[in-house]
Amino acid sequence: GENVEQHPSTLSVQEGDSAVIKCTYSDSASNYFPWYKQELGKRPQLIIDIRSNVGEKKDQRIAVTLNKTAKHFSLHITETQPEDSAVYFCAATTAGSGNEKLTFGTGTRLTIIP
Amino acid sequence: ETGVTQSPTHLIKTRGQQVTLRCSSQSGHNTVSWYQQALGQGPQFIFQYYREEENGRGNFPPRFSGLQFPNYSSELNVNALELDDSALYLCASSPGQGLGEQYFGPGTRLTVT
């Protein structure tokens, strides 16, 4: 089955600086890679995703890159703000396979220092 | 808001008891997945339902069972509760169509004593 590893487990950055979170996956059949943000006591919120036919996707201050050959994908947050503080999870699945279970990484606790 | 709702919000049960958790999927979504999230961990896949049929299962014992109804709402049932079942139970709905996107509800916090 799929295995997703995520690094780092904790990350502290100064407000205004950039943050990068990296994930690797094991199953070459995986083709959909979402990122979720989970604030304390709240639901995981889908913030951006990327499919295997695309190498990069950007949405305002957030971007995701995918390297299919190396089986890794990364989340980039620029111009970080205090409200970016949360736990971020990467995930992978094989969309269109009939069983689209998400396999999650272990999470990164991002703290933005004002 | 994603439109996915879950009930109850919190629940305290005793070891050996049974529990039923409920989920209403987002309008237009026909697929529901359930996940268990232990404290400090990522969500772990329990099972998925598509048009009232179980469509995949994770590494959870048979005492974890589920249902999906014609309106695509869903239930998660756990029998013979164990202390390790204490966790946040999340339901996620998706529009199907092979897109992969899943939107989570707020979860039910289950505590087993």
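Think of each chain on its own: its residues are numbered from 1, step by step along the sequence as written. Both sets of labels track the order of writing: A upward for chains, 1 upward for ligands. Since the coordinates come from a predicted model, pLDDT governs what is reported: local features require at least 70, and pairs of side-chain atoms require 80 or more to be given and counted, while whole-chain, interface and lining totals use all residues. Remark: hydrogens and water are excluded; side-chain values derive from all non-hydrogen atoms of the structure.

S.K.: Help me out: how do you make sense of unusual backbone geometry in this one?
M.R.: For residues besides glycine, phi is generally negative; the peptide bonds are generally trans as well. In this model, histidine 7 of chain A is joined to proline 8 of chain A through a cis peptide bond whose omega is -5°. Tracing the backbone shows proline 8 of chain A in the loop between strand E1 (4-7) and strand E2 (10-14). Of the consecutive residues serine 7 of chain B and proline 8 of chain B, the connecting peptide bond is found in the cis state with omega at -10°. On the secondary structure map, proline 8 of chain B appears in the loop between strand E1 (5-7) and strand E2 (10-13). Notably, lysine 71 of chain A is not glycine yet its phi reads approximately 55°, a positive angle. Put simply, DSSP H or I for four residues or longer makes a helix, DSSP E for two residues or longer makes a strand, and each gets a number counted from the N terminus. Secondary-structure assignment places lysine 71 of chain A in the loop between strand E7 (62-67) and strand E8 (72-77). Only protein chains enter the accessibility calculation, which uses a 1.4 Å probe; a residue is then buried when its area is under 20% of its type maximum, exposed when over 50%, and partly exposed in between. Lysine 71 of chain A gets classed as partly exposed once you look at its relative accessible area, which sits at 25%. For glutamate 79 of chain A, which is not glycine, the phi dihedral falls at a positive 45°. Locating glutamate 79 of chain A in the fold gives a position in the loop between E8 and strand E9 (86-92). The class for glutamate 79 of chain A is exposed, based on a relative accessible area of 52%.

S.K.: Is there a simple way to think about the side chain of asparagine 30 of chain B in this case?
M.R.: Mapped onto the fold, asparagine 30 of chain B is located in the loop between strand E3 (19-24) and strand E4 (31-37). Residues count as neighbours in contact if any of their non-hydrogen atoms are within 4.5 Å of one another. Apart from residues lying up to four places away in sequence, asparagine 30 of chain B is in contact with Tyr49, Tyr50, Arg51, Gln68, Tyr72, Ser94, Pro95 and Gly96 of chain B.

S.K.: Is there a simple way to think about the environment of proline 8 of chain A in this case?
M.R.: All names here are of chain A. A relative accessible area of 28% places proline 8 in the partly exposed class. A sequence separation of 38 residues divides proline 8 from leucine 46, and the C-alpha atoms of the two residues are 20 Å apart. When residues no more than four places from it in sequence are discounted, the contact partners of proline 8 are Val20, Gly107 and Thr108.

S.K.: In this structure, what is going on with the packing of aromatic side chains? I would like to understand it.
M.R.: The geometry of an aromatic ring pair comes down to the distance between the two centres and the angle between the two planes. Here a pair means two rings of Phe, Tyr or Trp (six-membered ring of Trp) with centres within 6.5 Å. Their orientation is stacked below 30 degrees between planes, edge-to-face above 60, and tilted elsewhere. Considering all chains together, one arrives at 13 aromatic pairs over all chains under this definition. Ring centres of tyrosine 25 of chain A and phenylalanine 33 of chain A lie 4.7 Å apart, and the angle between their planes is 45°; this geometry places the pair in the tilted category. Here phenylalanine 33 of chain A falls in the buried class, since its relative accessible area comes to 0%. Judged by centre distance (5.1 Å) and plane angle (65°), the rings of phenylalanine 60 of chain B and phenylalanine 64 of chain B are edge-to-face. In this pair, the class of phenylalanine 60 of chain B matches that of phenylalanine 64 of chain B, namely buried. Among the aromatic side chains, those forming a connected cluster through ring pairs are Tyr36, Phe89 and Phe104 of chain A together with Tyr35, Phe45 and Phe104 of chain B.

S.K.: Looking at this model, I keep getting lost on the interface of chain B and chain A. Mind explaining?
M.R.: Listed per partner, the contact involves 25 residues of chain B and 19 residues of chain A. Carbon and sulfur atoms make up 49% of the surface buried where chain B meets chain A, a total of about 1700 Å² over both sides. Glutamate 101 of chain B is paired through a salt bridge with arginine 51 of chain A; the nearest N and O atoms lie 3.1 Å apart. Nitrogen and oxygen atoms within 3.5 Å of one another constitute a polar contact, given that in protein one can donate a hydrogen and the other can accept it, and given that sequence-neighbouring residues count only through two side-chain atoms. Counting across the chain B and chain A interface gives 9 residue pairs in polar contact (both at pLDDT 80 or more). Going through the elements one at a time, E4, strand E5 (44-50), strand E6 (53-57), strand E9 (87-94) and strand E10 (103-104) of chain B are the ones with two or more residues in the side of chain B that touches chain A. Reported buried area values correspond to the accessible surface (1.4 Å probe) lost by two parts on association, with both partners' losses combined. Definition used for salt bridges: Asp or Glu carboxyl oxygen within 4 Å of a side-chain nitrogen of Lys or Arg.

S.K.: What's the story with the nonpolar core in this structure? I'm lost.
M.R.: Soluble, globular proteins show a tendency: their nonpolar side chains are buried together. The biggest cluster of nonpolar side chains holds 24 residues, and the ones touching the most others in it are Trp35, Phe73, Leu75, Tyr88 and Leu110 of chain A. At the level of secondary structure, the elements contributing two or more residues to this core comprise E2, strand E3 (19-25), strand E4 (32-38), strand E5 (45-51), E7, E8, E9 and strand E11 (108-113) of chain A. Once residues lying within four places of it in the same chain are set aside, the contact partners of leucine 110 of chain A are Leu11, Val13, Ala19, Ile77, Asp84, Ser85, Ala86 and Tyr88 of chain A. By convention a nonpolar core is built from buried Ala, Val, Leu, Ile, Met, Phe, Trp, Tyr and Cys residues, the set being connected through side-chain atoms within 4.5 Å. By size, the runner-up hydrophobic cluster in this structure holds 20 residues, among which are Val4, Leu11, Trp34 and Leu81 of chain B.

S.K.: Explain the state of the cysteines to me, please; I cannot follow it from the model alone.
M.R.: Disulfides are covalent bonds that connect the sulfur atoms of two cysteines. Cysteine sulfur pairs qualify as disulfides if the two atoms are within 2.5 Å. One pass over the full model with this rule turns up 2 disulfides over all chains. One disulfide in the model links cysteine 23 of chain A with cysteine 90 of chain A; its S-S distance is 1.9 Å. Measuring the twist about the S-S bond at about -100°, one finds the cysteine 23 of chain A-cysteine 90 of chain A disulfide to be left-handed. On the criterion of sequence distance, the pair formed by cysteine 23 of chain A in strand E3 and cysteine 90 of chain A in strand E9 is long-range, its members being 67 residues apart. Cysteine 90 of chain A gets classed as buried once you look at its relative accessible area, which sits at 0%. Between cysteine 23 of chain B and cysteine 91 of chain B runs a disulfide, and the two sulfur atoms are separated by 1.7 Å. With cysteine 23 of chain B in strand E3 and cysteine 91 of chain B in strand E9, this pair connects stretches of sequence that are 68 residues apart.

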